[in-house]
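Below, each chain spelled out in residue letters.
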Amino acid sequence: MGQTEKVSNKKLLGIAGTAWMFDAMDVGILSFVIAAVALDWGLTPEQSGWIGSMNSIGMAVGAFGFGILADRIGRKNVFMITLVLFSVASGLSAFTTGLGAFLVLRFLVGAGLGGELPVASTLVSESVEAHERGKMVVLLESFWAAGWLVAALIAYFIIPDYGWRIALILTALPAFYAIYLRRNLPDSPVYVKAGEPKQSIGEKIKLVWSKQYAKRTTMLWIVWFTVVFSYYGMFLWLPSVMMMKGFDMIQSFGYVLLMTLAQLPGYFTAAWLIERAGRKFVLSAYLIGTALSALAFGMAVSGPMLLTFGALLSFFNLGAWGALYAYSPEQYPTAIRATGSGMAASIGRIGGIFGPLLVGSLVAKGVGFPIIFGIFCGSILIGVAAVILLGTETKQTQLEM
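All of these numbers come straight from a predicted model, not from anything done at the bench.

Here we take up the overall build of the protein chain. Tallying secondary structure elements over the protein chain gives 18 helices and zero strands in all. In terms of overall size, the protein chain behaves like a compact globule, its C-alpha atoms giving a radius of gyration of 20 Å where 401 residues would be expected to give roughly 21 Å. The buried share among the 401 residues of the protein chain stands at 60%. For the protein chain, long-range pairs separated by at least 24 residues make up 85% of all intrachain contacts whose partners lie at least 6 apart in sequence. Carbon and sulfur atoms form 70% of the exposed surface of the protein chain, whose accessible area is close to 14200 Å².

Written out as structure tokens, the structure is:
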């Protein structure tokens, strides 16, 4: 590969990754905002759970709708639309005075975010050569860790002294910079080469479930559901779980900040392994690591144990996310690639609705964290079984046209 293409790949990764980082900041800050808003507005655990779940409802709608739209009007156009939607709604949510309006705006934020992520991974996947495709998509996903890290820093230094509203405003502002960056972003060369889409929306959805792709679709839907269900159930509640285990808000935010640092080596090791060991191995191995870490975290009681197993949870879970985003677009041809990836992500977001609600409901009933995190462990292992039994290896294969 020539130097020009390498620079082009770096530019693409930088532009898409910066936007991905801003998205992660918003999701990351939400976990801290939930803890702060619960104190400020006197919310019950069930009400707090609804904040995270409403975000996921929006993401489910956005992933489905914008995924289909990206196969109709192009990856770049949908990339821009979703950014504007999520950034404006995120900024407005800082000015709400009650739970109702806050939930409506979190739905809109989720719709933009849910639409952007599968479209971004599809765009990068279609713009990079086969031997680097998996690594590039995992590196794109690594910007998520950077966004969570910035969110954790904002939460630690801003929320205790200045309040959650200022934190939300800060996370919304950088997103507008991505609009400038994306003005120079080319659309996917694979999509442009394929030309005007011929299938209707209904035909695309039917094709995703046609005999040729039904096994792949089944596998993706199971994995996405189990991974997102457990991720949002665990990670949106991390600061709150720490507070319930006896730490104050500043201590809890500090611990979660340290746990977040472990996401970066999780991504980088997955990026290194994915073109060597393959998608199936990396996804399965990192999900098994996630399941075992979740079980251990749920049973941990001391600060050092919580930090250790929380860091391992971050390491394995986010490495698995990188592999999943690399694996998903590779299952379908160009005409339905964003549709198929978006539909799988949408099913996953339904899991993300139930995860935070389940934790809130079980906590309110006095159920212990070993049982709660044991449920997430079991969920992830179902996803592992789906990958091993139904998945096909796509390492360094050409994308289907």
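One recurring pattern in soluble globular proteins: nonpolar side chains tend to sit buried together. One finds I51, W144, W224 and L283 to be the most contacted residues of the largest nonpolar core, which totals 118 residues. The leading source of residues in this core is helix α1 (residues 3-41), at 19 residues. When residues no more than four places from it in sequence are discounted, the contact partners of W144 are W20, D23, A24, V27, L113, L117, Y231, Q263, Y267 and L318. Listed in part, the six residues of the second largest apolar core include L83, F86, A89 and L105.

For the rest of this paragraph, the subject is the packing of helix α3 (residues 75-93) against helix α4 (residues 99-127). Orientation of α3 relative to α4, taken along the N-to-C sense of each, is 155°, at an axis distance of 8 Å. Taken as axis vectors, α3 and α4 run roughly antiparallel relative to one another. Between α3 and α4 lies a crossing of left-handed hand.

This next bit is on the pattern of salt bridges. A complete count under the given rule lists eight salt bridges for this structure. E132 is paired through a salt bridge with K135; the nearest N and O atoms lie 3.7 Å apart. Taken together, the positions of E132 and K135, both in helix α5 (residues 130-157) and three residues apart, correspond to about one turn of that helix. Take E132: its relative accessible area is 17%, and that puts it in the buried class. Residue K135 is classed as partly exposed on the basis of its relative accessible area, which comes to 31%. Between R133 and E330 there is a salt bridge, and its shortest N-O distance comes to 2.8 Å. Of the two residues, R133 sits in helix α5 while E330 sits in the loop between α16 (303-327) and α17 (337-364), which places them 197 residues apart along the sequence.

Looking now at the packing of aromatic side chains. This model, assessed by the stated rule, comprises 22 aromatic pairs. Between F297 and F373, the aromatic rings sit 5.2 Å apart at their centres with planes inclined by 55°, giving tilted as the arrangement. Taken together, the residues span a long stretch of sequence, with F297 in helix α15 (residues 279-299) and F373 in helix α18 (residues 369-390) at a distance of 76 residues. The same class applies to F297 as to F373, namely buried. Judged by centre distance (5.0 Å) and plane angle (85°), the rings of F315 and F316 are edge-to-face. Residue F316 is classed as partly exposed on the basis of its relative accessible area of 22%. An aromatic cluster is defined as three or more aromatic residues linked by ring pairs; in this entry it consists of W20, W148, W224, Y231, Y232, F235, W321 and Y325.

This brings us to helix α13 (residues 249-261). Compared with an ideal rise of 1.5 Å per residue, which puts 13 residues at 18 Å, α13 spans 19 Å between its outermost C-alpha atoms and is within 8% of the ideal. All of the buried residues along α13 are M249, S252, F253, G254, V256, L257, M259 and T260.

Each pair of packed helices can be summarised by the angle the axes make with each other and by the distance between the axes. Put simply, helix α11 (residues 214-235) and α16 touch, their axes get as near as 12 Å, and they point 150° apart. Between α11 and α16, the interaxial angle falls into the category roughly antiparallel. In this structure, α11 crosses over α16, and the sense of that crossing is left-handed. Contacts between α11 and α16 involve M219, L220, V223, W224, V227, V228, Y231, M234 and F235 on the former and, on the latter, L313, S314, N317, L318, W321, L324, Y325 and Y327. The class makeup of the residues in the contact of α11 with α16 is 15 nonpolar, two polar and no charged.

Cut-offs and rules
Residues numbered from 1 in each chain as written. Predicted model: local features only at pLDDT ≥ 70, side-chain atom pairs only at ≥ 80, totals over all residues. Heavy atoms only, no water. Helix = DSSP H or I, 4+ residues; strand = E, 2+ residues; numbered from the N terminus. Rg over C-alpha atoms; globule rule 2.2 N^0.38 Å. Buried < 20%, exposed > 50% of the residue type's maximum accessible area, 1.4 Å probe, protein only. Contact = heavy atoms within 4.5 Å. Areas by Shrake-Rupley, 256 points an atom, 1.4 Å probe, with all protein chains shown as cover. Core = buried A, V, L, I, M, F, W, Y, C linked by side-chain atoms within 4.5 Å. Axes fitted to C-alpha atoms, helices over the stretch in contact; angles between N-to-C directions. Parallel < 35°, antiparallel > 145°, perpendicular 65-115°, else oblique. Left-handed = near helix turned anticlockwise from the far one by under 90°. Salt bridge = Lys/Arg side-chain N within 4 Å of Asp/Glu carboxyl O. Phe/Tyr/Trp six-rings, centres within 6.5 Å; stacked < 30°, edge-to-face > 60°. Expected span 1.5 Å × (residues − 1). Nonpolar A, V, L, I, M, F, W, Y, C, P; charged D, E, K, R; others polar.

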